[in-house]
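Spelled out from the first residue to the last, the chains are:
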Amino acid sequence: MKLESGFAGIGFGLGIPGMKLELGFAGIGFGLGIPGMKLVLGLAGIGLGLGMPGMNEVPGFAGIGLGLGIPGIIEFGTGRVVGAAAAVNAETAKAEPRATHETFNHGRIRIFLNWKQKPAATLTEKGMPGTTKVLKLLQKKLRYRLLIPLYGKTHETVARTSRYHLRLRMVELGYNSHQPELEGGDRPRCPSLIPKFRSQFNEKYVPEAYGRLLGLLAEHCGGPVQFRVAETPIFVPKAMLDEMAGLGGAMAKQLMEDAEYLAGAGRAIPAGFDVAGQTAHPHFLTADFALIRNSTGELAPRLVEIQAFPSVFAYQVELCAAYRKVFGLPESLKVYLGGLSEETYWDLLRRTVLGDRDPEHVVLTEVDPLHQKTFPDFELTRRRLGISVVDISSLEPQGNKLFYRDAAGKRIPIERIYNRAIADELISRGIELPFDLAQEWEVEWAGHPNWYFLISKYSIPFLSQSRGFPEVPPACFLDGFLAGPGEDFLRSRGVDLGTGSEAERGYESLLLKPLFSFAGKGIEFSPTRARLEAITQEERKNYILQERMHFEPTIETPFGRTQAEIRILYLWPDGGELTPAISLVRLGRGKMMGVDHNKNQEWVGGSAAFYV
């Protein structure tokens, strides 16, 4: 033992050779350990270090810092144990997540001290020597509120409840320790994305607030929102959203630079929907990401889908504002991406939708827009940008121009179309438009319809097989899978395709997805070989098989841990750059994340991400 110092108090050092330093300032500093323990500090209170080799650092400031660890348990959250060690025993250590991801996992663990139970039963498990006498001494001396250091700056205050009995337990911030095991059994549990805000939100939440949230949205959106709105937003580190935004942008640009890919994707556009006047780039892009546990146990993003199509850019701003107002969220929590502010966000959206056209000659087109669930976004866009919302089937062609009727019935020429109509709805409803999409029209497109096909699920097999993006799950086209090469590729990437007779085989690890569908329509889980072979030879090129991802439940709710799918929304104005603008979140506990797939549940649905 090298040094024991006491300033205006007592400094004790008890240990075995190899222990480096124990200090006590204006109080008592105890050091108990086995060789390899580095530092135990007690400042203006008591610093107690109990550990085995491999434990890094246990500080106790202005109160009590306890560290109990098992050899090798060095890293929890930010790379060192701060104010807490790994576990009381090996079983506890195995039960807790080994969270080391630098972006997502910060400050997982906090220590609570209370006075419920005698220490010998808890702190001397597994034969930790020499603790009982010291703890008995501490029991007689401790009469303070306890201030526990938590990842550097945040502190948790725990009130003393009794004088004599000490118990130590480990809790994740915001985690309900009585929650039953999730599906998957021994999979590590993922802590909150930002534990402090999650815990605060859940503690303050009252059901009446949800009613106020829905009422405020209805007031501002021109009527009730027809899809389910989640009771809660999520709270994430900015680095997480930046990582996702960077991935989605890089994937889109790689696809656009691949002439062979674009040619193949163009050939996949359904007959009659190859629209004239294709723009040099899409004006809108969305990239959806799941949060999964990778092979090292870290939280990591995985691409669910990428689509060059608009999303609810106006509604999402309103939803964020409603969450902030109803729940009193601080201004330090941000929502805009790409360096945007509220003002520059709206300016970017305006430039992307309008270009340099007068709003009177720009229309938002959709199939039966008044009865779409996304109507609140249409209405907010109309109010904010001054454009008209019209049914695409009501457009009137004359010569090479298109016209619409305003509220007074006046016929007005269209110079630019903000397109929200998708081909699969036109096809499924059997709608015949009064104008030919393939004809050259004197009109600009904000969101040219071809890009809906060019950057879509069609791109996933290409991205996954390029090996440039490990964040893309392995995927192949159905025709290639049944012919053999696609199946070989999936096996080479470690996808479990089962064994046994092909005729009876079911593929539990796969999803079957139609190429051009929206909102999760047509997706099939665990398809059988018989089901795949029942799809006609001609149609097989219009499906992909993708490895099924297991979303990691990350959001603590009163109804159990909930999964989050995070969508990054991008804008790309004429003459500008592709810019991540805002995010959208879908919460769910069902097989799929869409709001239609989580009915009759609470704390699920459309949501928003706030970041710091």
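This text follows the structure it describes.
Predicted model only: the values in this text are computed from it and were never measured.

What counts, and at which threshold
Residues numbered from 1 in each chain as written. Predicted model: local features only at pLDDT ≥ 70, side-chain atom pairs only at ≥ 80, totals over all residues. Heavy atoms only, no water. Buried < 20%, exposed > 50% of the residue type's maximum accessible area, 1.4 Å probe, protein only. Helix = DSSP H or I, 4+ residues; strand = E, 2+ residues; numbered from the N terminus. Pairing = 2+ DSSP bridges. Axes fitted to C-alpha atoms, helices over the stretch in contact; angles between N-to-C directions. Contact = heavy atoms within 4.5 Å. Phe/Tyr/Trp six-rings, centres within 6.5 Å; stacked < 30°, edge-to-face > 60°. Salt bridge = Lys/Arg side-chain N within 4 Å of Asp/Glu carboxyl O. Parallel < 35°, antiparallel > 145°, perpendicular 65-115°, else oblique. Left-handed = near helix turned anticlockwise from the far one by under 90°. Nonpolar A, V, L, I, M, F, W, Y, C, P; charged D, E, K, R; others polar. Core = buried A, V, L, I, M, F, W, Y, C linked by side-chain atoms within 4.5 Å.

## Considerations on the pairing of strand E28 (residues 579-588)
Of all the 10 residues making up E28, 10 are buried; the element is thus mostly covered by neighbouring parts of the structure. Sheet topology places strand E27 (residues 563-571) next to E28; nine bridges connect them, and they run antiparallel. When the bridges of E28 are listed, Leu569 appears paired with Ile582. Note that E28 and strand E29 (residues 605-607) share three bridges and pair antiparallel. Residue pairing for E29: Leu587 is matched across the bridge by Gly605.

## Thoughts on the sheet that holds strand E15 (residues 299-307)
Overall, antiparallel pairing links the five strands, which are arranged E15-E14-E27-E28-E29 in an open sheet. Both outer strands of the open sheet, E15 and E29, are each paired with one neighbouring strand and no more. For this sheet the average axis-to-axis angle between neighbouring strands, irrespective of direction, equals 30 degrees. Of the strands in this sheet, strand E14 (284-293), E15, E27 and E28 are in contact with helix H6 (residues 238-256), which crosses E27 at around 55 degrees.

## As for the packing of aromatic side chains
Taken as a whole and judged by the stated rule, the model has 23 aromatic pairs. Ring geometry for Phe201 versus Trp603: centroids 6.3 Å apart, planes at 80 degrees, classification edge-to-face. With Phe201 in helix H4 (residues 195-204) and Trp603 in the loop between E28 and E29, the pair connects residues that are 402 residues apart, well separated along the chain. We note that Phe201, like Trp603, is buried. Each member of the aromatic cluster is reached from another via a ring pair, and the members are Phe197, Phe201, Tyr205, Phe235, Tyr323, Phe327, Trp603 and Phe610.

## Focus on the pairing of E15
The buried fraction of E15 is high, at nine of nine residues. Pairing between E14 and E15: eight bridges, direction antiparallel. Looking across to E15, one finds that Thr286 is bridged to Gln307. A loop of five residues connects E14 with E15, the two strands running antiparallel in sequence, and Gly297 in this loop sits at a positive phi of about 90 degrees.

## Details of the sheet that holds strand E23 (residues 475-477)
Pairing in this open sheet of four strands is antiparallel, and the strands run E23-E26-E24-E25 from one edge to the other. Strands at the two margins of the open sheet, each flanked by one partner only, are E23 and strand E25 (524-525). Bridge count for strand E24 (residues 510-514) against strand E26 (residues 543-547) is five bridges, and the pairing is antiparallel. What sits directly across from Lys513, in E26, is Ile544.

## A closer look at unusual backbone geometry
Backbone geometry places Ser526, a non-glycine residue, at a positive phi of 50 degrees. Locating Ser526 in the fold gives a position in the loop between E25 and helix H16 (529-534). Even without being a glycine, Trp603 presents a positive backbone phi close to 60 degrees. Judged by relative accessible area, Trp603 falls into the buried class, the value being 2%.

## So, the pattern of salt bridges
Considering all chains together, one arrives at 27 salt bridges under this definition. The shortest N-O distance in the salt bridge between Lys401 and Glu442 comes to 2.8 Å. Taken together, the residues span a long stretch of sequence, with Lys401 in strand E19 (residues 401-405) and Glu442 in the loop between helix H11 (423-429) and strand E22 (444-446) at a distance of 41 residues. Its relative accessible area of 45% is what places Glu442 among the partly exposed residues. Between Glu533 and Arg529 there is a salt bridge whose closest N-O contact spans 3.2 Å. Within this pair, Glu533 and its partner Arg529 are both found in helix H16, separated by four residues, close to a single helical turn. You can call Glu533 partly exposed: its relative accessible area is 41%. According to the relative accessible area criterion, Arg529 is buried, its value standing at 5%.

## Examining the environment of Glu305
Looking at where Glu305 falls in the secondary structure, it is placed in strand E15. In this structure the C-alpha to C-alpha distance between Glu305 and Thr286, which are 19 residues apart in sequence, comes to 8.2 Å. The residues touching Glu305, leaving out its near neighbours within four places in the chain, are Thr286, Ala287, Asp288, Lys457 and Ile460.

## Some details on the packing of helix H8 (residues 313-327) against helix H9 (residues 342-354)
For the pair H8 and H9, interaxial distance at closest approach is 11 Å and the crossing angle is 165 degrees. Classified by the angle their axes make, H8 and H9 are roughly antiparallel. Judged by the sense of rotation from one axis to the other, the crossing of H8 with H9 is left-handed. Counted together, Phe313, Ala314 and Val317 of H8 and Tyr345, Trp346 and Leu349 of H9 form the full contact between these two elements. A per-class count over the contact of H8 with H9 returns six nonpolar, no polar and no charged.

## Regarding the nonpolar core
By size, the foremost hydrophobic cluster in this structure holds 129 residues, and its most contacted members are Tyr315 and Tyr323. Ranked by the residues each element gives to this core, the list is headed by H8, at 10 residues. The contacts of Tyr323, once residues within four sequence positions are left out, are Leu213, Val229, Ala230, Glu231, Thr232, Pro233, Gly328, Leu329, Gly606, Ser607, Ala608 and Phe610. One finds Phe481, Leu490, Val495 and Leu497 within the second-largest nonpolar core, a separate group that totals 15 residues.

Keep in mind that these numbers describe shape and distance, not what the molecule does.
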